[in-house]
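Chain residues, written in single-letter form:
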Amino acid sequence: FGDLDARLRATTAQSLAFAEVLAALTADEEDPYPYSDLGRGLRLAAQLFSAGQGVRIVHVPMHQDFDTHDDHNGRYPGIMQDLDESLSVFLDDLAARGLSDRVLVMTTSEFGRTARDNDSGGLDHGTASNALLIGPVVPGRYGEAPSLTDRDDNDNLKATMGFDTYYATVAEGWFGVPASDVLDTGATPLEGVFS
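Caption draft 1: The arrangement of the side chain of Thr68 in detail. Topologically, Thr68 is positioned in the loop between helix 2 (37-50) and helix 3 (72-96). Not counting residues up to four positions away in its chain, the partners in contact with Thr68 are Arg75, Ile79, Arg113, Gly122 and Leu123.

Caption draft 2: Structural detail: the pattern of salt bridges. All told, the structure shown has eleven salt bridges when counted by the stated rule. A salt bridge links Asp37 to Arg40; the shortest N-O distance between them is 2.6 Å. Here Arg40 and Asp37 lie together in helix 2, a separation of three residues that amounts to about one turn. A residue is classified by how much of its surface remains accessible, and Asp37, at 36% relative accessible area, is partly exposed. Judged by relative accessible area, Arg40 falls into the partly exposed class, the value being 29%. Across the pair Asp93 and Arg97 runs a salt bridge, and its minimum N-O distance is 2.7 Å. A relative accessible area of 33% places Arg97 in the partly exposed class. Put simply, Asp65, Asp70 and Arg75 are held in one network by salt bridges that share partners.

Caption draft 3: Fine view of helix 3. Taking 1.5 Å as the rise per residue, helix 3 with 25 residues should run 36 Å; its terminal C-alpha atoms sit 36 Å apart, in good agreement. Looking at helix 3, one finds that the buried residues are His72, Ile79, Asp82, Leu83, Ser86, Leu87, Val89, Phe90, Asp93 and Leu94. In this fold, the buried residues of helix 3 make contact with helix 2, strand 1 (105-106) and strand 4 (133-134). Just past helix 3, the residue Gly98 takes up positive phi, approximately 75°.

About the criteria used
- Residues numbered from 1 in each chain as written.
- Predicted model: local features only at pLDDT ≥ 70, side-chain atom pairs only at ≥ 80, totals over all residues.
- Heavy atoms only, no water.
- Helix = DSSP H or I, 4+ residues; strand = E, 2+ residues; numbered from the N terminus.
- Contact = heavy atoms within 4.5 Å.
- Salt bridge = Lys/Arg side-chain N within 4 Å of Asp/Glu carboxyl O.
- Buried < 20%, exposed > 50% of the residue type's maximum accessible area, 1.4 Å probe, protein only.
- Expected span 1.5 Å × (residues − 1).

Purely geometric numbers; function is a separate question.
In C-alpha cells form, the structure reads like this:
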C-alpha cells in the first residue's frame, strides 16, 4: 500500500494545486473572445498554457451542430464564423503571451459530409473529412484532395489519408513520441509538417 498511498497523495496534491490555478483565472474586463463555448474554451486554454503548470494538452470542444442534414448553406457559415473568430483571437492571445511557437492547434471530427446535397438542402454523413494544424507548422495542404468524380459505392468521397497518419504526424513531429507507441496501425508520419 505504501507506493499506492504515495501516488494517491501526490495526485491529490497536484489536483489541489491545479484547482487553485483554475480558481485564479479570470476574464479581462474587455474580453476579446467570442461569447461561445469555443471562445470561452480557447480563452481558458491560453490561460492554462501560460500559467506555468506544465499543461501540455487541452481539449476544447466546439459544441456546434455540425449535423447539417438540412439547410447546410444557411447554417454552416455561422459555424465557421465562430471557428474563425475564436481561433483568430486565440492566436493573437498566444502571440501576446509569447506562446505562438509553443502551441499547436489540432482539429478533429468524427465524420465528414457527403459531396452532394440531400433533398433537404443539407449534407449527410460522409466518409472523408479534413483537419487543420495551426501554429508552428509549414503552411500548405498535405495529402491529395479527394476526387469529386471517383467516389465509393455509397457515393461518398474517398479519403486520401487516414486519421492514423494525422495522429502519427502529431505524435512524432510535435510530441516526439514514436507513432508505434500510441498507434498499432503502422501509420507513417508525414514529413516536413513542423517548422
